Amino acid sequence: MSPWAGKYVIGLTGNIAAGKSVVRRMLEHMGAFGIDADALAHMAIAKGAPGYKAVVSNFGRYMLDNSGQINRARLGRLVFSDPEALAILEGIIHPLVREAIDMFVLRTKKKVVVIEAIKLLEGDLHKACDSIWVAHASTNVRLQRLVEKRGMNEPEARQRIAAQGNPNDKLAAADVVIRNEKSFEYTWTQVSDAWEKIFPARHEISHEPETRESVSLTVQRARPSQAEQIAQLVGRVSNGEKQMTRSDVMEAFGEKAFLLLFRGEMPVGLIGWQVENLVTRTTDFYLENGVPLAEAAEQLIKQVEETSRELQSEASLLFLPVDFVEDDGIWRDLGYEKSSIDALSVRAWKEAARESFVPGTELYFKQLRVDRVLRPI
């Protein structure tokens, strides 16, 4: 049983490039609160964080880049080729990550939590989980993903795969196995079926508001079953400049959530957004001609913010099409200010902006909470 009263905790693991993050996001669509333990590990050794000095002390200043931050790629090449060095690093990071996980689980109002951790089974964290889920893909598929999607050369990718041991060890410990090497829809079906077995007839257990209404517009959280509707809307609103298939939208659901804006029963707007590493990033914004931008923005952005605060997000980044920023007052009224990446005051926010920046857009920023959630970490 989980040590966190009133919570059902899913521990999600799998070897590198097996698609754990995709499965975590699918569970978030179902209503779970997601925690990326590997991202927390990166935060724990950032400059100024409690693990920073210990890493520098054990591995030397050679591990630092020109800005004084730990070069994670350089550190990774060392520890994944030296089991003793890896054990030292894990001894620094794991207690800090567990502290952060405890804090997140206690603070969230959601009843189901999914903790994604590549080293879930190697420590004690799995003992705190009610169910162990394993994302699995063949070695060849994972090798291809590391080379094509993460830019590793093949020897480095093979080294990373070998350093994590036999995936059969994880499969043997699994309550649920998600085979993640075909289409998004195939993976989604497995996740949905497994969710239904745990929470029968409860498709959505989230506390987030499902619908927000104004006089003429309604906002709804989109579901993968609406992928065709989303694809048609994007093509229509962009005048054919951006064409998406149903499969494209289904794949996008592995990275972000969508909100649909309706006038009556007709979809007239859409935004795509995600909360990753405590930063909300809104990267897609489509609106039919004739729909009032101010009213649409208020309805859509406020729902994004409500859900983001429940997900403990610290800041919101909007990447807005240039046509939407001609009237700057709309966004100022919502509490946003035009910004540049370098003007952001927190390194994690800058990194999020660089990762998510959409060419041809303007960046607008709003801080969602004064107390930074991971300041102690």
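Above this text is the structure in question.
Reading guide: rules and limits
- Residues numbered from 1 in each chain as written.
- Predicted model: local features only at pLDDT ≥ 70, side-chain atom pairs only at ≥ 80, totals over all residues.
- Heavy atoms only, no water.
- Phe/Tyr/Trp six-rings, centres within 6.5 Å; stacked < 30°, edge-to-face > 60°.
- Helix = DSSP H or I, 4+ residues; strand = E, 2+ residues; numbered from the N terminus.
- Lys NZ or Arg CZ within 6 Å of the ring centre and 35° of its normal.
- Buried < 20%, exposed > 50% of the residue type's maximum accessible area, 1.4 Å probe, protein only.
- Arc of directions from axis to C-beta.
- Contact = heavy atoms within 4.5 Å.
- Polar contact = N/O pair within 3.5 Å; in protein donor to acceptor, adjacent residues only side chain to side chain.
- Axes fitted to C-alpha atoms, helices over the stretch in contact; angles between N-to-C directions.
- Parallel < 35°, antiparallel > 145°, perpendicular 65-115°, else oblique.
- Left-handed = near helix turned anticlockwise from the far one by under 90°.
- Nonpolar A, V, L, I, M, F, W, Y, C, P; charged D, E, K, R; others polar.
- Expected span 1.5 Å × (residues − 1).
- 1 Å grid on protein atoms, 1.4 Å probe; cavity = no way out; pocket = protein on both sides within 12 Å on 5 of 7 lines; lining within 4 Å.
- Points joined across faces, edges and corners; volume = space filled by probe spheres on them.
- Salt bridge = Lys/Arg side-chain N within 4 Å of Asp/Glu carboxyl O.
- Patch = residues over 30% accessible without salt bridge, like charges linked within 9 Å, V, L, I, M, F, W, Y side chains within 5 Å.
- Areas by Shrake-Rupley, 256 points an atom, 1.4 Å probe, with all protein chains shown as cover.
- Lys, Arg positive; Asp, Glu negative; His and termini not counted.
- Charge placed at Lys NZ, Arg CZ, Asp CG, Glu CD.
- Pairing = 2+ DSSP bridges.

Draft legend 1. How the structure looks around the packing of aromatic side chains. For the structure on display, the rule yields 10 aromatic pairs. Pairing Trp195 with Phe199 gives two aromatic rings, centres 4.7 Å apart and planes at 50 degrees, and the pair type is tilted. When the ring of Trp349 is compared with that of Phe365, the centres are 5.3 Å apart and the planes differ by 40 degrees; the resulting orientation is tilted. Pair noted here: Trp349 is in helix H14 (residues 347-356) and Phe365 is in strand S13 (residues 361-367), with a separation of 16 residues, a long-range link. Following the ring pairs from residue to residue traces out a cluster consisting of Phe285, Phe324, Trp331 and Tyr364. Positioned above the aromatic ring of Tyr62 is the side chain of Arg74, whose terminal nitrogen or guanidinium carbon lies 4.9 Å from the ring centre. For Lys182, the ring lying beneath its charged end belongs to Tyr186, and the centroid distance is 4.9 Å.

Draft legend 2. Quick peek at helix H7 (residues 154-163). Those residues of H7 lying buried are Ala157, Arg160 and Ile161. Axial view of H7: buried residues confined to an arc of 100 degrees, hence all on one face. The outward face of H7, more than 90 degrees from its buried face, is lined by the exposed residues Pro155 and Ala162. Where H7 is buried, its residues meet helix H4 (72-79) and helix H6 (139-148). The distance from a side-chain oxygen at the start of H7 to the backbone nitrogen of Glu156 is 2.8 Å, and the residue carrying that oxygen is Asn153. At the exit of H7 stands Gly165, carrying a positive phi of roughly 80 degrees.

Draft legend 3. Up close: the packing of helix H3 (residues 52-59) against helix H5 (residues 83-107). Two elements in contact, H3 and H5, have axes whose closest approach is 10 Å; the angle formed by their N-to-C orientations is 160 degrees. Relative to H5, the element H3 is oriented roughly antiparallel. Two packed elements cross with a definite hand, and for H3 against H5 that hand is right-handed. Listed contacts from H5 to Ala54, Val55, Asn58 and Phe59 of H3 are Ala85, Ile88, Leu89 and Ile92. Looking at the contact of H3 with H5 residue by residue, the classes come out as 7 nonpolar, 1 polar and no charged.

Draft legend 4. Quick peek at H5. Compared with the 36 Å implied by 1.5 Å per residue over 25 residues, the 35 Å span of H5 between its first and last C-alpha is a close match. Of all the residues in H5, the buried ones are Ala85, Leu86, Leu89, Ile92, Ile93, Leu96, Val97, Ala100, Ile101, Phe104 and Val105.

Draft legend 5. Inspection of the layout of surface pockets at higher detail. The volume enclosed by the second largest pocket comes to roughly 560 Å³. Phe285, Tyr286, Pro321, Asp323 and Phe324 are the residues nearest the centre of the second largest pocket, which is lined by 25 residues in total. Looking at the lining of the second largest pocket, the elements with two or more residues in it are helix H10 (227-237), strand S10 (279-287) and strand S11 (315-321). Counting residues per element, the lining of the second largest pocket draws most heavily on S10, at 5 residues. Grouping the constituent residues of the lining of the second largest pocket by class yields 12 nonpolar, 7 polar and 6 charged.

Draft legend 6. Representation of the pattern of salt bridges within the structure. A complete count under the given rule lists 22 salt bridges for this structure. For the salt bridge of Glu310 with Lys110, the shortest nitrogen-to-oxygen distance reads 3.8 Å. Here the residue Glu310 occupies a position in helix H12 (residues 293-310), and Lys110 occupies one in the loop between H5 and strand S3 (112-116), the gap between them amounting to 200 residues. On the accessibility criterion, Glu310 (17% relative accessible area) is buried. Residue Lys110 is classed as buried on the basis of its relative accessible area, which comes to 2%. A salt bridge links Asp284 to Lys256, with the nearest nitrogen and oxygen atoms 2.7 Å apart.

Draft legend 7. Summary view of a negative patch on the surface. On the surface, a cluster of negative charge is made up of Asp323, Glu326, Asp327 and Asp333. Position of Asp327 relative to the elements: it lies in the loop between S11 and helix H13 (329-333). Classification of Asp327 as partly exposed rests on a relative accessible area of 45%.

Draft legend 8. Examining the pairing of S3 more closely. For S3, the buried fraction is high: 5 of the 5 residues fall into the buried class. Because side chains alternate across S3, one face comprises the buried residues Val112, Val114 and Glu116, and the other comprises Val113 and Ile115, equally buried. When strand S2 (residues 33-36) meets S3, the two strands line up parallel, connected through 4 bridges. Residue pairing for S3: Ile35 is matched across the bridge by Ile115.

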